[in-house]
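Examination of the molecular architecture
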Amino acid sequence: MDFFIGQYNYWVVIFLMMVGLYTVISRGNLIKKIIGLSIFQVSVFFLYISMGTVEGGAAPIITEGVKLYSNPLPHVLILTAIVVGVATTALALALVIRIKESYGTIEEDEIHKLDHSL
Amino acid sequence: MIDIIINITLLAFLAITSVAIVRMTNLFAIVMLFGIFSLLSAGLFVVMDAPDVAFTEAAVGAGISTVLMLATLALTRNRQKNPYKEAPHAHRPWLPLFVVGITGAVLVYGTWDIPRFGDPNSPAQTHVARYYLENALPETGVPNVVTAVLASYRGFDTLGEVAVVFTAGVAVLLLIGGRRPKQTLKQKDEGEQDET
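As the structure is a computational prediction, the values presented were derived from the model and not from experiment.

When helices and strands are tallied, chain B shows nine helices and zero strands. Along its sequence from the N terminus, chain B presents helices and strands in the succession α-α-α-α-α-α-α-α-α. Out of the 196 residues belonging to chain B, those deemed buried represent 33%. Considering only residue pairs separated by 6 or more positions, chain B has 45% of its internal contacts joining residues 24 or more positions apart. As displayed, chain B offers around 12000 Å² of accessible surface, 67% of which is attributable to carbon and sulfur atoms.

Below, the structure written as structure tokens:
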């Protein structure tokens, strides 16, 4: 049971990661692919924050009388990663809009067909 | 103990939401579920003692990304067919499932050696993090260590982050901003037929 609680976070992180990867590989809709990519991204955030958590620790804001804090460094990394992640998502969505304008569809297989027919 | 129960429940919710996102075909519902996914993850960050990350995830992940995705949906919806419907996928799911299963199994095998969740003696806690926890307040005068590292010790990295966001913003504007000639595929086809 102890082992289960100790590794549960990492297993769910891996599960989410694989769900995101599966969505990216198997679904043809470009918006859904981007959402799969975002799920993958969030699962990596969980991996980092899980590693920084300390049992019984407080949030890393220095207060009188608190001895144990969780690790602030993963938090800093992930703060940056979230903002950069949204920037890349915005770029990907802009590309989707351009693809829709040029091809008239956002389904991958239809785009392939159009590419081969041209 | 209550922490662990909330943690396990929220992670289970996240797993269920992600499966629902994969299985649904209505894009509007998928985007809404992704908003819920981000909100749940913000809650989970609070449980894991990362309030700064939770704020950012709630504002940026659940707020801005959802709005961006909804805007994209509005701009790319199909007027003839069911507006927000994803096309039925053409290929079989077995090969992707196989790839994902193998990758997941290898990753789970990797977790056997990871220090257990919340271990105060894991290498991640005993190395450089202690320095920042002990010296951030006297050196910078900021009680929030995350802010101190982000804006003071690693201020130039944050400047680099701003550069990345600026570049992305410029790229988005170049891609879809401003006036563009309306060149749809149909017109292109007609143009080519005229030439031939």
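Moving on, we get to the pattern of salt bridges. Under the definition given, this model contains three salt bridges over all chains. Among the ionic pairs, A:Lys33 bridges to A:Glu108, the shortest N-O distance being 3.7 Å. Here the residue A:Lys33 occupies a position in helix H2 (residues 30–52), and A:Glu108 occupies one in helix H4 (residues 108–117), the gap between them amounting to 75 residues. Residue A:Lys33 is classed as buried on the basis of its relative accessible area of 16%. B:Arg116 serves as the salt-bridge partner of A:Glu55, at 3.3 Å between the closest nitrogen and oxygen. Placement of A:Glu55 in the loop between H2 and helix H3 (72–103) and of B:Arg116 in the loop between helix H4 (94–111) and helix H5 (123–126) is noted, with the two residues assigned to different chains. On the basis of relative accessible area, B:Arg116 is assigned to the partly exposed category, the value being 38%.

Before going further, it helps to examine the interface of chain B and chain A. Listed per partner, the contact involves 93 residues of chain B and 78 residues of chain A. On inspection of chain B and its partner chain A, the count reaches one salt bridge. At the boundary of chain B with chain A, the tally comes to 18 residue pairs in polar contact (both at pLDDT 80 or more). Residue contributions to the side of chain B that touches chain A peak at 14 residues, all from helix H3 (residues 51–76) of chain B. For the side of chain B that touches chain A, a count of residues per class yields 60 nonpolar, 18 polar and 15 charged.

The next thing to look at is the packing of helix H1 (residues 2–23) of chain B against helix H2 (residues 27–47) of chain B. All names here are of chain B. Contact pair H1 / H2: the axes reach a minimum separation of 10 Å and the direction vectors enclose 165 degrees. In terms of orientation, H1 lies roughly antiparallel with respect to H2. Crossing of H1 against H2: the hand is left-handed. Between H1 and H2, the residues in contact are Asp3, Ile6, Asn7, Leu10, Leu11, Phe13, Leu14, Thr17, Ser18, Ala20 and Ile21 and Ile30, Leu33, Phe34, Phe37, Leu40, Ser41, Gly43, Leu44 and Val47, respectively.

Here we take up unusual backbone geometry. All names here are of chain B. At Asp49, a position not held by glycine, the phi torsion is positive, near 60 degrees. Considering the arrangement of structural elements, one finds Asp49 in the loop between H2 and H3. For Asp49, a relative accessible area of 15% translates into the label buried.

To continue, consider H2(A). Its 23 residues place the ends of H2(A) 34 Å apart at the C-alpha level, agreeing with the 33 Å of an ideal helix rising 1.5 Å per residue. Two or three places before A:Ile31, at the start of H2(A), stands the capping residue A:Asn29, its side-chain oxygen 3.0 Å from that residue's backbone nitrogen.

Accessible area lost when the parts come together is the quantity often used to give the size of an interface. Annotation of chain B at the domain level lists domain 1 (1–82) and domain 2 (122–179). Placing the centre of domain 1 of chain B and that of domain 2 of chain B at their C-alpha centroids yields a distance of 24 Å.

Next up on the list: the side chain of A:His75. Mapped onto the secondary structure, A:His75 falls in helix H3. In this view, A:His75 contacts A:Ile49, A:Pro60, A:Ser70, B:Asp49, B:Ala50, B:Val53 and B:Val146; residues no more than four positions away in its chain are not counted.

Parts of the model with low pLDDT should not have their predicted coordinates read in detail. Residue and element names in this part refer to chain B. When pLDDT is averaged across chain B, the result is 83; 84% of the residues are at 70 or more. When pLDDT is averaged over each helix and strand of chain B, the minimum, 47, is found for helix H9 (residues 185–195) and the maximum, 93, for H2. Predicted as a complex, the structure gets a pTM of 0.87 and an ipTM equal to 0.91.

Because each turn of an α-helix spans 3.6 residues, side chains separated by three or four positions in sequence point in the same direction. Between its terminal C-alpha atoms H3(A) stretches 46 Å, which fits the 46 Å expected from 32 residues at 1.5 Å a residue. Near the N-terminus of H3(A), the side chain that reaches the backbone nitrogen of A:Leu73, with its oxygen 3.1 Å away, is that of A:Asn71.

About the thresholds
- Position numbers for residues count from 1 along each chain, tracking the sequence in the order it is written.
- As a convention, the first chain written is A and the first ligand written is 1, with the rest following in written order.
- Totals for whole chains, interfaces and linings use every residue, but because this is a predicted model, local features are given only for residues with pLDDT of at least 70 and side-chain atom pairs only at 80 or more, for both listing and counting.
- With hydrogens and water stripped out, all remaining heavy atoms of the structure feed into the side-chain values.
- Helix and strand definitions follow DSSP, with helices as H or I runs of at least four residues and strands as E runs of at least two, each counted in order from the N terminus.
- Residue burial is assigned from relative accessible area. The probe radius is 1.4 Å, only protein chains are included, and a residue is buried under 20% of its type maximum, exposed over 50%, and partly exposed in between.
- In what follows, a contact means two residues having at least one pair of non-hydrogen atoms within 4.5 Å.
- In this description, accessible areas are obtained by the Shrake-Rupley approach with a 1.4 Å probe, and a residue is regarded as covered only by the protein chains that are shown.
- By convention in these notes, a salt bridge is any Lys or Arg side-chain nitrogen within 4 Å of a carboxyl oxygen on Asp or Glu.
- Polar contact criterion, stated in full: a pair of N or O atoms within 3.5 Å, where within protein one must be able to donate a hydrogen and the other to accept it, and residues adjacent in sequence count only if both atoms are side-chain atoms.
- When residues are sorted by character, Ala, Val, Leu, Ile, Met, Phe, Trp, Tyr, Cys and Pro go into the nonpolar class, Asp, Glu, Lys and Arg into the charged class, and all the rest, Gly among them, into the polar class.
- Only the contacting stretch of a helix is used when fitting its axis, a line to C-alpha atoms as for every element, and angles between N-to-C directions run 0 to 180 degrees.
- What sets the label is the angle itself: under 35 degrees gives roughly parallel, over 145 gives roughly antiparallel, 65 to 115 gives roughly perpendicular, and the rest give oblique.
- Note on convention: near helix rotated counterclockwise from far helix by under a right angle means a left-handed crossing. Clockwise means right-handed.
- Multiplying 1.5 Å by the helix residue count minus one yields the expected span of that helix.
- Domain delimitation in this document rests on an assignment produced automatically or drawn from a domain database.
- A residue's pLDDT is the confidence the predictor assigns to it, expressed on a 0 to 100 scale.

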